[in-house]
Amino acid sequence: MAEAAVVADQFALLAERLSAFGKTVTAKVPIAQTPKRLVWTLNKAKLYRYVPVLPKEKRHPVPLLLVFALMNRPYILDLRPGHSFVEFMVNQGYDLYLLDWGSPGPEDKNLKFDDYTLEYIPRAIRKMKAISGVEEFSMLGWCIGAILATVYSALRPDDGLRNLILLTAPLDFSNKQDITFSKWVDERFFDVDKVLAAVGNMPAEMIDYGARALKPVDNYVLNYLKLWDNLDNPHVVEAWKAMNTWVTDNVPLAGGVFRQLIVELYRNDRLMRGEWMIRGERVDLGRIRANLLTVIAEGDHITPPCQSEAILSKVSSKDKELFRTPGGHIGIMAGSGAHKITWPHLDHWLGRRSG
Amino acid sequence: MADERATNGKTTNGKDLDPMAAFRDMRDTYLDAWSKTMVDAVNTEAYAKASGQMLDTYLSASAPFREIMEKTMLQALQQLSMPSRADVISLAERLTNVEMKLDDIDAKLDKLTELRKQPASATRVRKPAAVAPANKRRGKR
């Protein structure tokens, strides 16, 4: 009888943990809570300005524009209070703007890098300059956002860009062996036109699957096991909920951009070879003169380090730095160590160049 | 591990004895190895070929159904005098173009506002040099 009671207790405990586990994996928690104001919109794109917390005389005069990837929500930069890069930078006195691309609809399936870099970004920058009353600015691009920032910087080097920060930037596609995506989208195996003819925009679920399938056991098993093992630890559970809210909230990628990404970049490496044409203009990386900081995540499996190194030898910037940091593609900015390593370094580098 | 165990369900360092710890260590070791194997496996041409073939098969197989669905939906919408997907897309594209025109106007307004903020001396238009009357000019010749 006593043994039966012990086993019954274990079942009750299991039921309790399963219930907590189920609630956690389906929970959507409040995110992106740093106060901000919408200052510009175009189609689905929105430009936000974060409400400064320091008086004007204590703030850096050069504003910073954050440009995130097109197929994820940008609130990973402002995940939750106390764990937000945006909150950190606002507290350090930066005049901070965020470009949110929104979710493309069927009417946006023909949008290309050309539109984002030569229509959306310049217009958002014009508005930012008008609001902040300055001519110079800094720009931070992350992942695909780093491609956009790089292309814009090369095509419009005289628009007032003083500082350019590239995080985990997939720019060099020459190393086919180390870039798993390059193998998957090889033209022998992947018919990009057939896919886009069927779906229009690349569905968020397919992109999400692609990113997770690079490390299938980690993403489909270990991630949940980590939660199960730490259900009693509220710090881990809260962090897990916030990250899971972001990870499961993806947006489609405009068909035109996806096609360029596969054909122009992954297959033909046109950017690094200086052959990429954007609205008839050749993207010449040598025209980039802004101060440059490139951040590489040493454990990045989405953008392996080999993709972000060569940019430094291509640009004309006199002030340039390569910063390597431990962590993965997202972890370097939103992981538990981000506020100890990456954020302070970005602040230190940018603060000295934003006066 | 075993030498750390003591009586009363405590280890020698005072922590509660966890009978599942060994099992978890074994599990983690196994999963770690499995993880590395899978990372290597998906980075092969064979995986790329197989996943590409699966996607291609799905697209080929579902194409006739998608086509039928689209035609049927289009006909139904026409009969109900409702706009089709293409009509709505066309309208949305036109709205974006209007938004761009508005943004151009907004840029010009911002510029005008900026000019008005500048002190009068900075914005004063320089007077053109005085031009001698036509008859005087003629007279100089």
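Residues numbered from 1 in each chain as written. Chains lettered and ligands numbered in written order. Predicted model: local features only at pLDDT ≥ 70, side-chain atom pairs only at ≥ 80, totals over all residues. Heavy atoms only, no water.

A. A look at helix H8 (residues 216-229) of chain A. The terminal C-alpha atoms of H8 of chain A, which comprises 14 residues, lie 19 Å apart, in line with the 20 Å expected from a rise of 1.5 Å per residue. Of all the bends in H8 of chain A, the largest measures some 40° and sits at Leu 222 of chain A. Three or more residues of H8 of chain A are buried, namely Pro 216, Val 217, Leu 225 and Leu 227 of chain A. Looking at the packing, one finds that the buried side of H8 of chain A touches helix H1 (2-26), helix H7 (204-213) and helix H9 (234-247) of chain A together with helix H1 (21-42) of chain B. (Helix = DSSP H or I, 4+ residues; strand = E, 2+ residues; numbered from the N terminus. Expected span 1.5 Å × (residues − 1). Bend = angle between axes of the 7 residues up to and from the residue. Buried < 20%, exposed > 50% of the residue type's maximum accessible area, 1.4 Å probe, protein only. Contact = heavy atoms within 4.5 Å.)

B. Fine view of the environment of Ser 138 of chain A. Residue and element names in this part refer to chain A. By secondary structure assignment, the location of Ser 138 is in strand E5 (residues 137-142). Among the residues examined, Ser 138 registers a relative accessible area of 1% and is labelled buried. Along the primary structure Ser 138 and Val 62 are separated by 76 residues, whereas in three dimensions their C-alpha atoms are 6.8 Å apart. If we ignore the near neighbours within four places in the chain, the residues touching Ser 138 are Val 62, Pro 63, Leu 64, Leu 65, Leu 161, Asn 163, Leu 350 and Ser 354. Within the structure, the side chain of Ser 138 is placed 3.0 Å from the side chain of Asn 163, a separation counted as a polar contact. (Polar contact = N/O pair within 3.5 Å; in protein donor to acceptor, adjacent residues only side chain to side chain.)

C. Up close: the interface of chain A and chain B. With 34 residues of chain A at the contact, the number on the chain B side is 32 residues. Roughly 2,900 Å² is buried in total at the junction of chain A and chain B, and carbon and sulfur atoms are behind 58% of that figure. Linking chain A to chain B there are 10 salt bridges. For the salt bridge of Glu 45 of chain B with Arg 188 of chain A, the shortest nitrogen-to-oxygen distance reads 3.3 Å. One can count 18 residue pairs in polar contact (both at pLDDT 80 or more) joining chain A with chain B. Going through the elements one at a time, strand E1 (36-42), helix H3 (113-132), helix H5 (180-184), helix H6 (192-199), H7 and H8 of chain A are the ones with two or more residues in the side of chain A that touches chain B. Here the element with the most residues in the side of chain A that touches chain B is H8 of chain A; it accounts for seven residues. Among the residues making up the side of chain A that touches chain B, the classes are represented as 19 nonpolar, four polar and 11 charged. (Buried area = accessible area lost by both parts, 1.4 Å probe. Salt bridge = Lys/Arg side-chain N within 4 Å of Asp/Glu carboxyl O. Nonpolar A, V, L, I, M, F, W, Y, C, P; charged D, E, K, R; others polar.)

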